[in-house]
Amino acid sequence: MKYNFDEIVERRGTGSVKVDGVKTFWNRDDLMPLWVADMDFRTPSFIAEAISARNQKGVLGYTFTPEGWGESVVAWLKNRHGWTVDKQWVNNISGVVPGMALALLCYTKPGDAVLIQPPVYHPFFEIVEHNGRELRQNPLLFDGENFRMDFNDFEEKVKGCKAFLLCNPHNPGGRVWKKEELAQVAEICARHQVLVISDEIHADMFHAPYRHTPYASVSELAAENSVTFMSATKSFNMPALAMAYTVIPNEKLRSQLLAFLEALHLRFGNIYAFEAMMAAYTEEGRDWLDQMLAYVQGTMDYVQQFLSAEIPAIKMVRPQASFLVWLDCRELGLSQTELRSLFEDGAHLALNNGTMFGKEGTGFMRLNVASPRSVIAEAMHRLKVAVDDI
């Protein structure tokens, strides 16, 4: 490989939420941090170089969106996902989750019902409830290997909703939704006049043979009744730059959101984030991304083999996208409190508690494997010792 993903990058003392945040959230500092969804790999050098080159301009004054930024997004979506979009559909936003929250404020009113599909990324719960909307839930079905949508329940729960928050690909399950599934969502939501707000931050990190399908690309119904949020920050390990973008084919929906953002003076972006994203959305960026994903796949192979041989009571739900692994620990027969204690007090590991993604996460933990393999190997051996001591 051209890039060294085995390198140990010291993150302590950098204000890292993932590393320094262990003390904040666990009130202890003896846990290996494998929770927050960023990578312990060094952010690509071509991104740092793009930021450095911008600094050479000498003045960080008010700045327009750089020439070529929109074109770089359009080209990336075409090359990576086969999705042809118009540059006018694309606009910057400060982040995927902030963008989704703003979309809810723009398109819905207090008391309106919003549907989600747990277990799902925990901010989905928060942006609905904290903004005074009614939370409705259509739990995903789990067959022991993968998640699928319960469309009979979906059809019932979506009635009367104003919006549906789609996680595509799914977090924490790592499911890459099929085009046929997304088309069915589009048909149901269009029939019931429910806007689809799609979180596609993990879109670029699909694992062969799977391919991500952008929700708005599946049909005219999907394109005309959706707001998509995407970003390079997750894929290229630069979430601190806080930038994402919207893709909204429907002119009325697009104008409505842009006017809402304009009223809040939220249209300007971060010049470093613009430059970093343009550096990422290149052939060099694609090469780095493909090598990173190959390394992560190798690590997932290791984890799966280790668990099968050494801790068969814990099953790895093989993700079809991203670097987040959903661990099925139900065969251990522990309560969720006992399960957390096993990982934290027994193995000294900081993972995401499954129930933070909804009650459907009971018996599960989420593991971030985007670290050097030596780190993950140490974590697995710690976990084996802890399980053997039960």
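These remarks concern the structure in this document.

Rules of the game
Residues numbered from 1 in each chain as written. Predicted model: local features only at pLDDT ≥ 70, side-chain atom pairs only at ≥ 80, totals over all residues. Heavy atoms only, no water. Helix = DSSP H or I, 4+ residues; strand = E, 2+ residues; numbered from the N terminus. Expected span 1.5 Å × (residues − 1). Buried < 20%, exposed > 50% of the residue type's maximum accessible area, 1.4 Å probe, protein only. Pairing = 2+ DSSP bridges. Axes fitted to C-alpha atoms, helices over the stretch in contact; angles between N-to-C directions. Core = buried A, V, L, I, M, F, W, Y, C linked by side-chain atoms within 4.5 Å. Contact = heavy atoms within 4.5 Å. Left-handed = near helix turned anticlockwise from the far one by under 90°. Nonpolar A, V, L, I, M, F, W, Y, C, P; charged D, E, K, R; others polar. Phe/Tyr/Trp six-rings, centres within 6.5 Å; stacked < 30°, edge-to-face > 60°.

Attention now moves to helix 4 (residues 96–107). Between the first and last C-alpha of helix 4 there are 16 Å, a value that for 12 residues agrees with the 16 Å anticipated at 1.5 Å per step. Extensive coverage of helix 4 is indicated by the burial of nine of its 12 residues. Every buried residue belonging to helix 4 is among Val-96, Gly-99, Met-100, Ala-101, Leu-102, Ala-103, Leu-104, Cys-106 and Tyr-107, and all of these are buried.

The side-chain alternation of strand 2 (residues 90–93) yields two buried faces, one formed by Val-90 and Asn-92 and the other by Asn-91 and Ile-93. Here four bridges tie strand 2 to strand 10 (residues 244–247), and the two strands are oriented antiparallel to one another. Across the sheet, residue Asn-91 finds its bridge partner in strand 10, namely Thr-246.

Attention now moves to the sheet that holds strand 2. Strand order in this open sheet of seven strands is 2-10-9-8-7-3-4, and the pairing throughout is mixed. The strands lining the two open edges of the sheet, one partner per strand, are strand 2 and strand 4 (134–137). Taking the axes of each pair of neighbouring strands and ignoring which way they run, one obtains an average angle of 25 degrees across the sheet. Relative to strand 4, strand 3 (residues 113–116) is paired through four bridges, and the arrangement is parallel. Considered in strand 4, the bridge of Val-114 is made with Leu-135.

Let us look at the nonpolar core. Counting residues in hydrophobic clusters, the biggest one holds 72 residues, and the most contacted among them are Phe-236, Tyr-245, Met-292, Ile-314, Leu-327 and Phe-343. In contact with Phe-236, other than residues within four places in its own chain, are Met-39, Thr-43, Pro-44, Ile-47, Trp-76, Ala-280, Tyr-281, Gly-285, Trp-288 and Leu-289. Judged by nonpolar contacts, the second largest core, of 30 residues, contains Leu-104, Tyr-107, Cys-167 and Leu-257.

Let us now look at the packing of helix 3 (residues 69–81) against helix 10 (residues 271–280). Where helix 3 contacts helix 10, the axes come no closer than 9 Å and their chain directions differ by 35 degrees. Where helix 3 crosses over helix 10, the handedness of that crossing is left-handed. On the side of helix 3, the interface is formed by Trp-69, Ser-72, Val-73 and Trp-76, while helix 10 contributes Phe-274, Met-277, Met-278 and Ala-280. Within the contact of helix 3 with helix 10, the residues separate by chemical class into seven nonpolar, one polar and no charged.

What follows is about the packing of aromatic side chains. Per the counting criterion, the structure on display carries 22 aromatic pairs. Between Tyr-3 and Phe-5, the aromatic rings sit 6.4 Å apart at their centres with planes inclined by 50 degrees, giving tilted as the arrangement. By relative accessible area, Tyr-3 is classed as buried at 15%. The class for Phe-5 is buried, based on a relative accessible area of 3%. Ring geometry for Tyr-302 versus Phe-306: centroids 5.9 Å apart, planes at 40 degrees, classification tilted. Residue Tyr-302 and its partner Phe-306 are located together in helix 11 (residues 283–310), separated by four residues, close to a single helical turn. Overall, Tyr-302 belongs to the partly exposed group, its relative accessible area being 22%.

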